[in-house]
Amino acid sequence: MLNQDVTGVRPVDIHAHFFPQAYLDVLAEEGPRFNVEYRAAEEGFYIKTDARFQGPLPYRVVDLKKRIADMDAQGTAVQAMSLTGPMAYWGDEEVSHKLTRAWNDAASAAHVQYPTRLLGLLTLPMLFPDRAIDELNRASKLPGIRGVYMGTNINHRDLDDPLFEPIFARIEALDLPIFLHPLQVVGGQRTAPFYLSNMLSFPFDTAIAACHLIFGGVLDRHPKLQFSLPHGGGVLLMLMGRIDHGSAVRPEIEKLRLPRPPSKYLQLEIRHGVRDRRSGRRAHHDRERLLPRHGVRKARAFSGSGKYNERATKDDLRRQCRTNPQALTKQQALAAVPPRIGLRRVPSE
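Residues numbered from 1 in each chain as written. Predicted model: local features only at pLDDT ≥ 70, side-chain atom pairs only at ≥ 80, totals over all residues. Heavy atoms only, no water.

**What about the overall build of the protein?**
- Helices and strands together make up the secondary structure of the protein, namely 11 helices and 14 strands.
- A total of 349 residues make up the protein; the buried ones form 53% of that total.
- Residue pairs at least 24 apart in sequence account for 73% of intrachain contacts in the protein once pairs closer than 6 positions are excluded.
- As displayed, the protein offers around 16300 Å² of accessible surface, 52% of which is attributable to carbon and sulfur atoms. (Helix = DSSP H or I, 4+ residues; strand = E, 2+ residues; numbered from the N terminus. Buried < 20%, exposed > 50% of the residue type's maximum accessible area, 1.4 Å probe, protein only. Contact = heavy atoms within 4.5 Å. Areas by Shrake-Rupley, 256 points an atom, 1.4 Å probe, with all protein chains shown as cover.)

**Describing the packing of aromatic side chains**
- Within the structure shown, the criterion is met by 9 aromatic pairs.
- Among the aromatic residues, those joined into a cluster by ring pairs are F19, Y23, Y38, F45 and Y59.
- The side chain of R39 reaches across the aromatic face of Y46, ending 4.3 Å from its centre. (Phe/Tyr/Trp six-rings, centres within 6.5 Å; stacked < 30°, edge-to-face > 60°. Lys NZ or Arg CZ within 6 Å of the ring centre and 35° of its normal.)

**Notes on the sheet that holds strand β3 (residues 44-48)**
- In space, the 3 strands of this open sheet follow the order β2-β3-β4, with antiparallel pairing throughout. The sheet terminates laterally at β2 (37-41) and β4 (53-57), the two strands that pair on one side only. Each adjacent strand pair in this sheet contributes to an overall mean axis angle of 10°, direction not counted.
- Relative to β4, β3 runs antiparallel, the two being bridged by 3 bridges. Residue pairing across strands places K48 opposite F53, the latter belonging to β4.
- Relative to the sheet, helix α1 (residues 21-30) contacts β2 and β3, its axis offset from that of β2 by approximately 125°. (Pairing = 2+ DSSP bridges. Axes fitted to C-alpha atoms, helices over the stretch in contact; angles between N-to-C directions.)

**Quick look at the pairing of strand β6 (residues 118-122)**
- Across the 5 residues that make up β6, a large majority, 5, are buried.
- On β6, burial covers both faces: L118, G120 and L122 on one face and L119 and L121 on the other are all buried.
- Relative to β6, strand β5 (residues 78-82) runs parallel, the two being bridged by 3 bridges. Note on β6: the bridge partner recorded for Q79 is L118.
- This β-α-β element, β5 to helix α3 (residues 93-113) to β6, shows right-handed connectivity.
- Here 3 bridges tie β6 to strand β7 (residues 145-151), and the two strands are oriented parallel to one another. The partner of L122 across the bridge, within β7, is V148. (Right-handed = clockwise from strand over helix to strand, strands pointing away.)

**Examining the pairing of β2**
- Looking at chain direction, β2 and β3 are connected through 5 bridges and run antiparallel. Note that in β3 the partner of E37 across the bridge is K48.
- Between the end of β2 and the start of β3, which pair antiparallel, lie 2 residues.

**Quick word on the confidence of the model for the protein**
- Of the residues in the protein, 75% have a pLDDT of 70 or more, and the chain-wide mean is 81.
- Confidence drops under pLDDT 50 across residues 269-301; counting only partners more than four residues distant or on other chains, this segment forms 92 contacts.
- Taken as a whole, residues 307-339 scores under 50 in pLDDT and shows 63 contacts with residues more than four places along the chain or in a different chain. (pLDDT = per-residue confidence, 0-100.)

**Comments concerning helix α4 (residues 129-139)**
- Of the residues making up α4, those classed as buried are P129, A132, I133, E135, L136 and A139. Across the axial projection of α4, the buried residues extend over an arc of 165°, all falling on one side.
- Next to the buried residues of α4 lie α3, β6, β7 and α5 (165-174). (Arc of directions from axis to C-beta.)

**Re the packing of α4 against α5**
- At a minimum axis distance of 9 Å, the contact between α4 and α5 shows a crossing angle of 15°. The angle between the axes of α4 and α5 places the two elements in the roughly parallel class. Every pair of crossing elements has a handedness; the one defined by α4 and α5 is right-handed. Residues P129, A132, I133, L136 and N137 of α4 lie in contact with α5, whose contacting residues are P166, I167, R170, I171 and L174. (Parallel < 35°, antiparallel > 145°, perpendicular 65-115°, else oblique. Left-handed = near helix turned anticlockwise from the far one by under 90°.)

Here you go:
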């Protein structure tokens, strides 16, 4: 596979965080009464909440011209941009909605400015279902919006919480993919040192979210919903044998009468979760095949950079191919990151 010519393959980054100035302005204005602080400094900006301290964050996550320049330098064709912590789950109903509107409008405006390069995954005030559905109906019609972005939990409420049912029903009706991201992760003080909260807690929280979607019945109640799990699915694949076995022998799970083993809910192709508005279809690719979209006839590989200071460059790619070539498929070699793992209910065999 790696000996095949990959010249002309155009990577699409589906894990690209974006802090528009409009969102930061709302955060600065409304944050103090919720113990949320925003501070701009020469070296970058800082965000502090009860759950997390971030900074200095580079201004290039705000500046669209620098973003496009970075994409050009890295060989990235398109980014599907998303918010990241502290998201919009920390304020009251009005502030949460204000934050999401600011981000969604800014993401759409970025697409209008760079229509062939930037897309957006809308964010929602998830703790307030009526507001979330209103914003979903509004923002899903904005130019460049192609999916939904949410945390692996919402203020420590897992995704099978009944509060989120009407939101998932509406997302399913709109046929929008959902991209998850770890937020308020497990581990607490034990994973505070050594960047363990990112290296360990993030992949575990992703697996926990997936299990709640399966065992909590979300995927069976909403069979058309599709979730994309970041960071290669976290530890989910490594533990899937254990999870399948537990579902067969543990009375807590047996009583749920799942229609299939947990592993059968996984889709192991790389899927970008970006919908073509003209055809209404979601293009996707697996290890052997890439489907075109937006009229581009060259193949594309789908990757995730996460943060600007952790992006894989072309030199990183070549180095990884030299040191561990057997670990990479053709598309993963282009991306130099693990694939996204799709999660949805699939028909019984």
